[in-house]
Structures are given as structure tokens and as C-alpha cells.
Amino acid sequence: MEQNACLGIYIGTDKVTVVLAAKAGAQIELLEQFCIAVESDQEQGFSFNATAQAISSVCQEKKLRFNDVTVAIDSRLYRQQVIHSEFSESKQIAQTIKFDAEEAIAINAAEAAVAFEIVSKGISGAEVSVFAITGSVISEIILALQNNKLDPISVEPDSVCLRRLIEQGSFDEAETKPIYIALSHNKCFIISPPSQQGNAPIRAFLTDAGQNKTAMLAREVMLTAVSVPTASHAAKIIMYDSAGSIIPSVLSEQTSITVETFDSTDVVVTPDGHPEDCDGLDVLIAAGAAAGVLVKSEKVDFRPDFMPYQGRKATLEKGIKILSFSLIMLFVALGVFAYLQYYRTNSYRNRLKDKFKTEYSIAMAGAKFSKGSTALRKLKSEINRIKDVKSGLLSATGEDSVEAKLTFIFEAINNVPKNVDIDVEKISVTTKTMTLTGSTSNRGSLELFGAVDKHPKLVKGAATYESKEGRDRFRLTVELNQ
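On a predicted model such as this, the values are computed, not experimentally measured, just so you know.

Caption draft 1: Highlighting the nonpolar core. If you look at the biggest cluster of nonpolar residues, it comprises 39 residues, and the most contacted ones within it are Leu-7, Ile-9, Ile-11, Phe-48, Ile-55, Ile-73 and Phe-302. Those elements giving two or more residues to this core turn out to be strand 1 (6–11), strand 2 (15–24), strand 3 (27–37), helix 1 (49–61), strand 4 (68–73), strand 6 (112–122), strand 7 (125–134) and helix 3 (135–147). Looking at this core element by element, the count peaks at six residues for helix 3. The contact partners of Ile-55, leaving out residues within four places of it in the chain, are Ile-9, Val-16, Val-18, Phe-34, Ile-36, Phe-48 and Leu-150. In terms of nonpolar packing, the next biggest core, distinct from the first, is built from 35 residues, Cys-6, Ile-166, Ala-286 and Val-295 among them.

Below, the structure written as C-alpha cells:
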């Protein structure tokens, strides 16, 4: 069958109507339908186990394939009452509705499933239509279906399911806002026009096969017009009569309102042949229950308040929660691991730094440790000095020794071009400076001064020279480059 088909089950006190429905454009297509009589136990009251088994058997026999199951409950199994709530928001109403319903319709809130919808809103709150069903009845239905692998996603009142289906085909009537009437041999629904801020009010009541239904409907329409403000302005009545017991023209004369016939084919596509024992109105209600999944619409569901649905959606949500928790724990573990690694590395670095400070003071003869990079630079400089000492370039006393200073001076002199004749008469060495006195060939003193400037360890200080007897006599002061 269809991949996205839904099994809609309408549960009455004497009969169950089942349809297999799928979305077909703007309509609901009924792929299969059948009815099963409900076996009631006079001693134990309502019993649904045998009926659920029968539904499962027929589905297996017909090889029906569907993704979801929805249920509509007959109005004889639940109570409905319009009550006033001081709140106007659904979330706030949901917190107090059971207590309000307990007082209004005399139910035990702890042992009942309650659903509601907002009919209209005002300054002082909202008018709320409350639906309540005994806990034993709904638990009997849900458990029986679950035991036969038919766990329903939602369990709704039949009147809400019928209204949902009718609203699917009422787009052309949005401006006129008519009264809808759906009638069968034993029940009747009157759907009034909706208010600006609420759902369409619904009245559901039982009928008798032997009564004059035209007169009964005329009376109930007048009563609805008086009790429901939006119904008093309705321009016409659109009626669905599965029993064919009402003549629209006669009802129109008695109510002074235009009466038209509701064409179910506008919203429901039915198979060529259908069981004669299935009432047309019951089929529409079962299709409306399935439409709760097939089309986007509001639900008036008993299940969230009593034995919440734990099917695929709940399993998916639980899986997402478990995955989210697992990811959180993974990230926490990674964070702890990264922190431990950082703490361990930082601990090693601090111990190494403390050890470096101690050994630096020893290696540098009590020098004060200020900064790692500075200490490293000084250590490298000291290592280079030691290498120079070992190679004979410096004495053990270092660059400040006389030998080192003279070595630097002679290195600079040797870097003077060979064509310059240099005669050094005297070299005076002090703790800070060296003074050279002598003569060079003509203009050679400038070459000597330049060679000193270029030496990395020397800095040229005061310098004088004068030409005498064809030579430059010079006096040069040199300092070490610290």
C-alpha cells in the first residue's frame, strides 16, 4: 500500500470503523475500510481486547501497510463541557484545566484523561471546550491496541476528527461561515462558525431512529444559534446526512436558513466498493482521525495527559537525547584530557625553569636570573668566550685581558691594505682604552682608522693625524665594543 498511509480507527460503543488513508493532493484517499462489531461485557463494562485482536487480524488478512495509527473516540465514551478559564494562553490553561474540569463536569482528575481547545478569547480569559474520558476506558483501548502492535499516536474525540475533515474542504466557505451539520441514525454533530481567536464550537448529541429528525434538527439549530454567538450570524447550513432522513428544503423552511448538502467527495476519495455495514458518517470520522497525521492541523489529544505515546517519535527523541548526552560527556572528557595535558606540560616546564635558574646561577658565578631569553643569550655568549679561550684566541680572563685587546688591535692592523706602510711606535693599554701612536705612508692613517671601525670588537675613539716628512703621524684611541 501507500508508503505514508495511516490507519484511522473510530471506536464506538457497538461498532469500530477502520480506514486506511493516505494524502492525495488536497484530499484524503481511503485505500481500505471495514467495520467490526464491538463485543461488550455486561458484567465488566467496556472491553476492547477482542476487538483490537479482530482489527489486527483483518489488517494482516488484507496485508495492509501503514506507518501510523490514530484513534477517534465516540462521544458516548467521553464528556464535553465549555468552561471559562481565567487564562488565555494554552500553556497556562494546561496547568489548571484538570482542576477546572473536575469542578465543572464532576470527574476525578487523577483518574481521567483530559484534553481541551480554546473556543474564544476575551479580556477576562478564554472559553475552553474540555473533553474528559475515564482512565479505565482509555487505558483499555491503548493497552489492547499496543498488545496487537497498533499503538496509536493520538486518541481524539470524534467531533474534533469530523471537524478536521470538514475544514479540509471548506476553503470556499471561509467568508460565509456556515453552520455544518453531520447526521447519522444515532448521532448528530453541529459545528458552528469559529470566532476570530478560537476553534469552531461543536455540539454532539444522540438521536433516535424513530424520532422526527427534521423537527429535532430545527430545534437544535435554533438552540445553537441562541447559545453560540457566531452561529446566530450564519447565512446557511451545510448538511451531511448519511441516513438520508432529512429533506433540505423542509429544514430550510423550519429554520429560515438556506440548507445545502455537503459533498464528501470534495474531501474524501473512496474506493469503488465499500462495505454496506459501515455508516458514512463513521467513515468520515475515521478518515478525520487519520487526517490528524496526514495534514497539518491542531490536535485535541487525550494521550499526552494519560499514557503518553512512546512510539517512533519518542524513541527518536530519546535517541537524540542519549546522543546529545554522549557528545557532552565526550567533550567534557576531551576537555579534562586537554587540561591534564596542559597541567602536566606546565608542571614539567616549571620544574625545568626552576632547575635552569639554579644551574644558571652556578654556571654564571652568581649572576641574577631575570628572563629566560636574556639568560639564554648570556649563556651562549659565555660558551663562545670559553671556546675562544680554549682555541687560544683569548686568555682565561676573557676579552678584557691585555692579550685579547692586543689581539684585536693586531687583527685590525692586519686588515689594512698591504700597500699601506704602518709603523707603530707605541701602544698604551689601560682598563678601558688602548692608545696607538705611530706613522703611516701618505694618507694611510685613514685606511687604519677604517680597519679599526670595521672590527667587531673595537670602537674607534679620538683620532688625530698630521702629514710630516711625507708620512702621516697619527694618534688613535680605541675602546672595546661591549
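Caption draft 2: A look at the sheet that holds strand 8 (residues 154–157). Strand order in this open sheet of six strands is 8-4-1-2-3-14, and the pairing throughout is mixed. Two strands lie at the open edges of the sheet, namely strand 8 and strand 14 (268–269), each paired on one side alone. In this sheet, strand 3 lies alongside strand 2 in antiparallel orientation, the contact comprising 10 bridges. Bridge assignment links Lys-15 to a residue of strand 3, and that residue is Ala-37. Here helix 4 (residues 158–168) sits on the sheet in contact with strand 1, strand 3, strand 4, strand 8 and strand 14, set at roughly 90° to strand 8. With respect to the sheet, helix 7 (residues 280–294) is in contact with strand 1, strand 2, strand 3, strand 4 and strand 14, its orientation differing from that of strand 2 by roughly 45°.

Caption draft 3: Representation of the packing of helix 5 (residues 213–227) against helix 6 (residues 248–255) within the structure. Running from amino to carboxyl end, helix 5 crosses helix 6 at an angle of 40°, the nearest separation of the two axes being 9 Å. The orientation of helix 5 relative to helix 6 falls into the category oblique. Once helix 5 is placed against helix 6, the crossing between them reads as right-handed. Together, Thr-214, Ala-215, Leu-217, Ala-218, Val-221 and Met-222 of helix 5 and Val-250, Leu-251, Gln-254 and Thr-255 of helix 6 make up the contact between the two elements.

Reading the values: the criteria
- The residue numbers shown here count from 1 along each chain, following its written sequence.
- This being a predicted model, a pLDDT of at least 70 is required before a residue's local features are given, and a value of 80 or more before pairs of side-chain atoms are given or counted; all residues contribute to the totals for chains, interfaces and linings.
- Hydrogen atoms and water are omitted, and side-chain values are computed over all heavy atoms in the structure.
- Note on terminology: a nonpolar core comprises buried Ala, Val, Leu, Ile, Met, Phe, Trp, Tyr and Cys residues joined through side-chain atoms within 4.5 Å.
- Buried means the residue's accessible area, taken with a 1.4 Å probe over protein chains only, is under 20% of the maximum for its type, while exposed means over 50%, and partly exposed covers the values in between.
- Going along the chain from the N terminus, every DSSP run of H or I of four or more residues is numbered as a helix, and every run of E of two or more is numbered as a strand.
- We call two residues contacting when some pair of their heavy atoms lies within 4.5 Å.
- Two strands pair under a simple rule: DSSP has to find at least two bridges between them.
- To get an axis, a line is fitted to the C-alpha atoms, and for a helix only the part in contact is used. The angle between two axes follows their N-to-C directions and goes from 0 to 180 degrees.
- Geometric relationships in this document are graded by angle, where less than 35 degrees denotes roughly parallel, more than 145 denotes roughly antiparallel, 65 to 115 denotes roughly perpendicular, and other angles denote oblique.
- With the far helix as reference, a near helix turned anticlockwise by less than a right angle produces a left-handed crossing, and one turned clockwise produces a right-handed crossing.

By themselves, these figures tell us nothing about what the structure is for.
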